[in-house]
Amino acid sequence: MSKQRVLFVCTHNSARSQMAEAMLRTWGGDKFEPFSAGTEASGIKPETVQVMNEIGIDISNQRSKAIDEFRGQSFDWFITVCDDAQKNCPVLPGVPHVAHWSIDDPSTVRGTSEERLAAFRQAREVIGNRLRLFMQADGRAGVPAPEPTVLR
């Protein structure tokens, strides 16, 4: 069986799409081949690396990429993880499955270092829960259930 190729896209490829790529690579086993890109590439935020390390996923060797790097490649899934990316790049021609996950941009949060890290952790948890559901829907056995969501 061939791996499903999944491309996660956000605006800068600095946080949300990087997290999604790393988590699916770690949790998806031999079922998925994940990638990430941005409508532009601006480098990975240090907070992204830190909060991923907190859950045992090292992304220090990942790099920020623009979506143009992937033009002409085939993918099974195209998933935008921010509203701006969805507006600017709603589809990738030839991709059979398209999804949009509206996830707040943690890099826009101002405040103390701890307040910023809290925003990155929140984004990480939202993405992790979405990915767990994504893998369950795909029939992958042994995937942990998502954490309960608290409505505010």
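Throughout what follows, the structure given in this document is the object of discussion. (Residues numbered from 1 in each chain as written. Predicted model: local features only at pLDDT ≥ 70, side-chain atom pairs only at ≥ 80, totals over all residues. Heavy atoms only, no water.)

Attention now moves to the overall build of the chain. What the chain contains, in helices and strands, is four helices and four strands. Expressed as a percentage of the 152 residues in the chain, the buried residues total 45%. Taking all contacts inside the chain whose residues are at least 6 apart in sequence as the whole, residues at least 24 apart take part in 66%. In the structure as shown, the chain presents an accessible area of about 7900 Å², 49% of it carried by carbon and sulfur atoms. (Helix = DSSP H or I, 4+ residues; strand = E, 2+ residues; numbered from the N terminus. Buried < 20%, exposed > 50% of the residue type's maximum accessible area, 1.4 Å probe, protein only. Contact = heavy atoms within 4.5 Å. Areas by Shrake-Rupley, 256 points an atom, 1.4 Å probe, with all protein chains shown as cover.)

Here we come to the pattern of salt bridges. Applying the stated rule across the entire model yields 11 salt bridges. The shortest N-O distance in the salt bridge between Arg-16 and Asp-105 comes to 3.6 Å. Within this pair, whereas Arg-16 is found in helix H1 (residues 16-27), its partner Asp-105 is found in the loop between strand E4 (97-100) and helix H4 (113-137), the two being separated by 89 residues in sequence. The exposure class of Arg-16 is buried, given its relative accessible area of 5%. A salt bridge links Arg-25 to Glu-21; the nearest nitrogen and oxygen atoms lie 3.0 Å apart. Of the two residues, Arg-25 and Glu-21 both sit in helix H1, four residues apart, roughly one turn of that helix. Classification of Arg-25 as partly exposed rests on a relative accessible area of 42%. Connected through shared salt-bridge partners, Glu-54, Glu-114, Arg-121, Arg-124 and Glu-125 make up one network. (Salt bridge = Lys/Arg side-chain N within 4 Å of Asp/Glu carboxyl O.)

Right, let's get into the side chain of Arg-116. Assignment of secondary structure puts Arg-116 in helix H4. For Arg-116, the residues in contact, after removing those within four places along its chain, are Glu-47, Pro-106, Ser-107, Val-109, Arg-110 and Gly-111.

Right, let's talk about the state of the cysteines for a bit. Per the counting criterion, the structure on display carries zero disulfides. Between Cys-10, a free cysteine, and Cys-82, which holds the nearest cysteine sulfur, the sulfur-to-sulfur gap is 5.3 Å. Judged by relative accessible area, Cys-82 falls into the buried class, the value being 3%. (Disulfide = S-S within 2.5 Å.)

Further remarks concern the nonpolar core. In terms of nonpolar packing, the biggest core is built from 28 residues, with Val-6, Phe-8, Leu-24, Ile-79, Trp-101, Leu-131 and Phe-134 touching the most fellow members. Put simply, the parts of the chain that give this core at least two residues each are strand E1 (4-10), H1, helix H2 (46-53), strand E3 (77-80) and H4. Considering each element in turn, this core owes the most residues, seven residues, to H4. Apart from the residues lying within four places of it in its own chain, the contact partners of Leu-24 are Val-6, Phe-8, Gly-29, Phe-32, Pro-34, Leu-131, Phe-134 and Met-135. Counting nine residues, the second largest nonpolar core, distinct from the first, contains Phe-35, Ile-67, Phe-75 and Val-95. (Core = buried A, V, L, I, M, F, W, Y, C linked by side-chain atoms within 4.5 Å.)

Our next topic: the sheet that holds E1. One open sheet accounts for four strands, arranged E2-E1-E3-E4; its pairing is parallel. Edge positions in the open sheet fall to strand E2 (32-38) and E4, since each of these has one partner strand only. The sheet shows a mean angle of 20° between the axes of neighbouring strands, direction not considered. Pairing of E1 with E3, which is carried by four bridges, proceeds in the parallel orientation. Counterpart to Val-6 in the pairing with E3 is Trp-77. Of the strands in this sheet, E1 and E2 are in contact with H1, which crosses E2 at around 170°. (Pairing = 2+ DSSP bridges. Axes fitted to C-alpha atoms, helices over the stretch in contact; angles between N-to-C directions.)

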